[in-house]
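What follows is each chain in one-letter form.
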Amino acid sequence: DLTIYATVDGATVTQLRQLPSGLAAVLPRVGRDFLADNGFAAAWARIAVNTPATEKHLRQAFHVWFDAFRTLKFVHYCEDNFPAEFPRADVGGDNRD
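Since the model is a prediction, treat every value here as computed from it, not as a measurement.

K.L.:
Break down the packing of aromatic side chains for me, with residues and values.
P.N.:
The tally for this structure, following the rule as stated, stands at 11 aromatic pairs. Here the aromatic residues Phe34, Phe40, Trp44, Phe62, Trp65, Phe66, Phe74, Tyr77 and Phe82 are joined through ring pairs into a cluster of three or more. A cation sits over an aromatic face here: Arg70 above Trp65, 3.8 Å from the ring centre.

Written out as structure tokens, the structure reads:
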């Protein structure tokens, strides 16, 4: 769900400082659950205190936290916890001729 990126990238400094509650209001259940299970609210509280209060810096800080590894974890979280909505792709076949 790209809602998370649209929310972060379009947010003001005030909205970014309150990001956990802002995301909770717009994300579907899978996104809210993933962020909660990964301690995002507590992590963001620490990040917001230690990051300059500019849109640029707060957005960067979010993207550092939600990096490629965490994105992969999110994909697996979706597959494991919501299999009806996010079925695993069959990538194990032998496609050689």
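K.L.:
Provide a residue-level description of the nonpolar core, including the pertinent values.
P.N.:
Counting 24 residues, the largest nonpolar core has Leu19, Leu23, Leu35, Phe40, Trp44, Phe62 and Phe66 as the members making the most contacts within it. The set of elements that each furnish at least two residues to this core consists of helix H1 (3-9), helix H3 (19-26), helix H4 (29-37), helix H5 (40-50), helix H6 (55-65) and helix H7 (68-81). For this core, the element with the highest residue contribution is H5, accounting for five residues.

K.L.:
Residue-level account of H5, with values.
P.N.:
Phe40, Ala43, Trp44, Ile47 and Ala48 are the residues of H5 that are buried. Down the axis of H5, the buried set is contained in an arc of 130°. They therefore lie on one face. Looking at H5, the residues exposed on the side facing more than 90 degrees away from the buried face are Arg46, Val49 and Asn50. Packing partners of the buried residues in H5 comprise helix H2 (13-17), H3, H4 and H6.

K.L.:
Kindly report on the pattern of salt bridges, identifying the contributing residues and their values.
P.N.:
Inspection of the entire model under this criterion finds four salt bridges. Close ionic contact of Glu79 with Arg88 constitutes a salt bridge, the shortest N to O distance being 2.7 Å. Exposure remark for Glu79: the relative accessible area of 17% places this residue in the buried category. A salt bridge links Asp80 to Arg88; the nearest nitrogen and oxygen atoms lie 2.1 Å apart.

K.L.:
Let's hear about the packing of H4 against H7: which residues, and what values?
P.N.:
Closest axis-to-axis distance for the H4/H7 pair is 11 Å, and the angle between their directions is 120°. Relative to H7, H4 is oriented oblique. In this structure, H4 crosses over H7, and the sense of that crossing is right-handed. Between H4 and H7, the contacting residues are Val30, Gly31, Asp33, Phe34 and Asp37 on the first element and Arg70, Lys73, Phe74, Tyr77 and Cys78 on the second. Along the lines of polarity and charge, the residues of the contact of H4 with H7 split into five nonpolar, one polar and four charged.

K.L.:
Any chance you could break down the side chain of Thr51 for me, citing the residues and the numbers?
P.N.:
If you trace the backbone, Thr51 turns up in the loop between H5 and H6. The exposure class of Thr51 is buried, given its relative accessible area of 14%. For Thr51, the side chain forms a polar contact with the main-chain oxygen of Ile47, separated by 2.6 Å. Other than its neighbours up to four places away in sequence, Thr51 contacts Arg17, His57, Leu58 and Ala61.

Parameters and conventions
- Residues numbered from 1 in each chain as written.
- Predicted model: local features only at pLDDT ≥ 70, side-chain atom pairs only at ≥ 80, totals over all residues.
- Heavy atoms only, no water.
- Phe/Tyr/Trp six-rings, centres within 6.5 Å; stacked < 30°, edge-to-face > 60°.
- Lys NZ or Arg CZ within 6 Å of the ring centre and 35° of its normal.
- Core = buried A, V, L, I, M, F, W, Y, C linked by side-chain atoms within 4.5 Å.
- Buried < 20%, exposed > 50% of the residue type's maximum accessible area, 1.4 Å probe, protein only.
- Helix = DSSP H or I, 4+ residues; strand = E, 2+ residues; numbered from the N terminus.
- Arc of directions from axis to C-beta.
- Contact = heavy atoms within 4.5 Å.
- Salt bridge = Lys/Arg side-chain N within 4 Å of Asp/Glu carboxyl O.
- Axes fitted to C-alpha atoms, helices over the stretch in contact; angles between N-to-C directions.
- Parallel < 35°, antiparallel > 145°, perpendicular 65-115°, else oblique.
- Left-handed = near helix turned anticlockwise from the far one by under 90°.
- Nonpolar A, V, L, I, M, F, W, Y, C, P; charged D, E, K, R; others polar.
- Polar contact = N/O pair within 3.5 Å; in protein donor to acceptor, adjacent residues only side chain to side chain.

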